[in-house]
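# Understanding the architecture of this molecule
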Amino acid sequence: MHRFVLVARQAAARLCGRGPGGCRGGRTDMALRCAASLAAGRQPRGPRREGTVRWSSAAKASAVKIKEKASREKILTLESMNPQVKAVEYAVRGPIVLKAGEIEKELRKGIKKPFTEVIKANIGDAHAMGQRPITFLRQVVALCTYPNLLDSPSFPEDAKKRARRILQGCGGNSLGSYTASQGINCIREDVASYIERRDGGVPADPDNIYLTTGASDGISAILKILISGGGKSRTGVMIPIPQYPLYSAAISELDAIQVNYYLDEENCWALNVNELRRALSEAKAYCNPKVLCIINPGNPTGQVQNRKCIEDVIHFAWEEKLFLLADEVYQDNVYSEGCQFHSFKKILYEMGPEYYNNVELASFHSTSKGYMGECGYRGGYMEVINLHPEIKGQLVKLLSVRLCPPVSGQAAMDIVVNPPVPGEESYAQFIKEKESVLNNLAKKAKLTEDMFNKIPGVHCNPLQGAMYAFPRIFIPSKAIEEAKAHKMAPDMFYCMKLLEETGICVVPGSGFGQREGTYHFRMTILPPVEKLKILLEKVKDFHIKFLEKYA
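Below, the structure is looked at part by part.

Conventions used here
Residues numbered from 1 in each chain as written. Predicted model: local features only at pLDDT ≥ 70, side-chain atom pairs only at ≥ 80, totals over all residues. Heavy atoms only, no water. Buried < 20%, exposed > 50% of the residue type's maximum accessible area, 1.4 Å probe, protein only. Helix = DSSP H or I, 4+ residues; strand = E, 2+ residues; numbered from the N terminus. Pairing = 2+ DSSP bridges. Contact = heavy atoms within 4.5 Å. Right-handed = clockwise from strand over helix to strand, strands pointing away.

Of all seven residues that make up strand β8 (residues 379–385), seven are buried, and the element is covered over most of its length. Across the two faces of β8 the burial is the same, with G379, Y381, E383 and I385 and G380, M382 and V384 all buried. Alignment of strand β2 (residues 209–213) against β8, held across five bridges, turns out to be antiparallel. Looking at β8, one finds that T213 is bridged to G379.

Written as C-alpha cells, this is what we have:
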C-alpha cells in the first residue's frame, strides 16, 4: 500500500509539473485523485476551472503500471488447482440442488411459479423434513453443553448421569475442550459395549473404535491409509453401482481407481458374488484391487442383504485378500418383513477363526440416520479389526491432524449407543419416540413403493431399508434427444424438468451410477405422510405429462 501511494505521489508531482517535492496546497490531493482515477480506468476530472487537464505520457504510463499491479493474475485458477479436487463430483448436492436454491430465491422475490415451495427430497436430512428430535438425546447434549442445568429438576436423573460421565471424560469437564484424536475414552467404551450387545456377545475392543465426524470422515480416513502405488499398481477400490457418491468423490480426490460392480436390479438390488468376480478379474488388468466397499442397508437402493449373501462376500474378500469396508449407517432402518440387519463383524466372527483372525474389516455407523436423524451434530464411529499394529499408529497419526471429532457429536453418538434401558426414568418415552419414527418410516416406505408402481413407465423395487426410493423411469427417445441437445444426461434432464414444473428436487440416477440404458432418480421418503402423498401425486402427474409430451 505504501508503494502504491509513493508511485501515485510521483505521478501526481509530474502531473503538476513539479519535482519530487510535489505541489503546494490542495493540488497534490487533486493530482492523486486523477492518478487513481486513471488507474481505475476512469477519465479524470480536472480542477474546477475552465480548460482541460493535459496528461503527460509519463503520467499515463505510471497510472497504467498502478492498474496492472492492482489487477495481477490470480494464483489459483481452474488450470492451476489440484486436478483431483476438480474431478470430484457429489450429486446429492450437485447442479439440481443449486437450481433448486435459485428457484427458492425467485419465490421469495414474488416471482410466480406453478408451485409455492421447493420440496428438497434430494437428501436424507430427517429434521429438515420435520422429524422431531429424540428427547433423551437432546437432553443429554444440552446438559453437556450447559452443565448448570445439572441442578435443574426439569431434567431426568438418567440423562444427568450420562452427561456427568461424558463431562468427566472431557478436559476441564467441558465440551469445549479438545479430546483425544481417537475420541473420548468412555464413549469408545460405550460403543464397544453397544457392538457386543448388537452382535450377541461378539467381543469388541474400545481400542479398535475411532469416533469420527459422521461416518464420512471415517470412510475417507481409512481410504487415505489404503490407497497407494502408481500405474497398474495403483489401488483399486470396488464400489457398488448404484453407490453413494461419497465413495466416487473420495476415490477421485485420492487419485485411486474406481472399480464398479453392479447390483442386480431385477433381483431387488441383490449383491451377486459372480459379479464381484467379474469386476475384480477385469480390474486386475489396469490396477491393484484391494478394497471392497459394501453399503448395507443400501443407499440409494434400499436393499437389506441376507446372511448368505454376507457370508459369500466375506469368503470372497478372504479368498482374494481384499480389505472390507462395511457402511452400516442405516442398520436401524429395516422395514420389510423377513428382512433383518446382520453386521459384517458378527457374520465374520461366526464363520470361524480362519476368517475372524484374518479378514481386515472397517465398519461405520452414524448419528445422522436411523431413528435419530441428527445430521448436524456430525457424530459417528468406525470399528477396525485385524489392522496391523503399526498401521494403527499411522491411522491415529492421520486422525490427529484434524485434532478431534466435534465433541458435541461424540456426546450425541454416546446416546445412540447408550440409550435408556428398562427400569430407567426415560425409557418409556425413549422407546415410544424411537418406535414412532421407525414405524412411520416403514409406512412411508410401503406407501412410496406402492404409489410409484402405479405410475405407467415407473418401476420401484421394495424399499426394504434405509430412507430412499430409487425408481427406474422410462424416458422416451424424443426426450433423450432433447437432453443431448442441452448437453445433459437424460435423467438429469428429467429431474430438472420435474423441479421446474413441480418444485420437487430429486437426484438423477446418473449421479449414483446405473447400468447403461437405464434411468432412475433417488428420492427420500422422509417428508411427513400427508406431504409425501402430495409429492408422489405430483410426480405421477408430471411423469404422465412428460410421456405424453415426448411420445
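This part takes up the environment of V191. Residue placement: V191 occurs in helix α8 (residues 185–198). Judged by its relative accessible area of 0%, V191 is buried. Residue contacts for V191: discarding those within four places in its chain leaves I209, L211, Y381 and V417.

Among the five residues of strand β6 (residues 323–327), five are classified as buried, and the element is accordingly described as predominantly covered. The alternating pattern of β6 places F323, L325 and D327 on one face and L324 and A326 on the opposite face, and all of these are buried. In terms of strand pairing, strand β5 (residues 288–295) meets β6 through five bridges, oriented parallel. The residue of β6 that forms the bridge with L292 is L324. The β-α-β motif built from β5, the intervening helix α12 (residues 307–320) and the parallel element β6 has right-handed crossover chirality.

With that settled, the discussion passes to helix α10 (residues 246–253). Burial analysis of α10 places six of its eight residues in the buried class, the great majority of the element. Looking only at α10, the buried set comprises L246, Y247, S248, A249, A250 and I251. Where the residues of α10 are buried, they touch α9 (214–226), β3 (235–241), β4 (257–262), β5 and β6. Just beyond α10, the residue with positive phi is D255, at close to 55°.

The next subject is the side chain of E374. Position of E374 relative to the elements: it lies in the loop between β7 (361–366) and β8. We classify E374 as buried; its relative accessible area is 3%.

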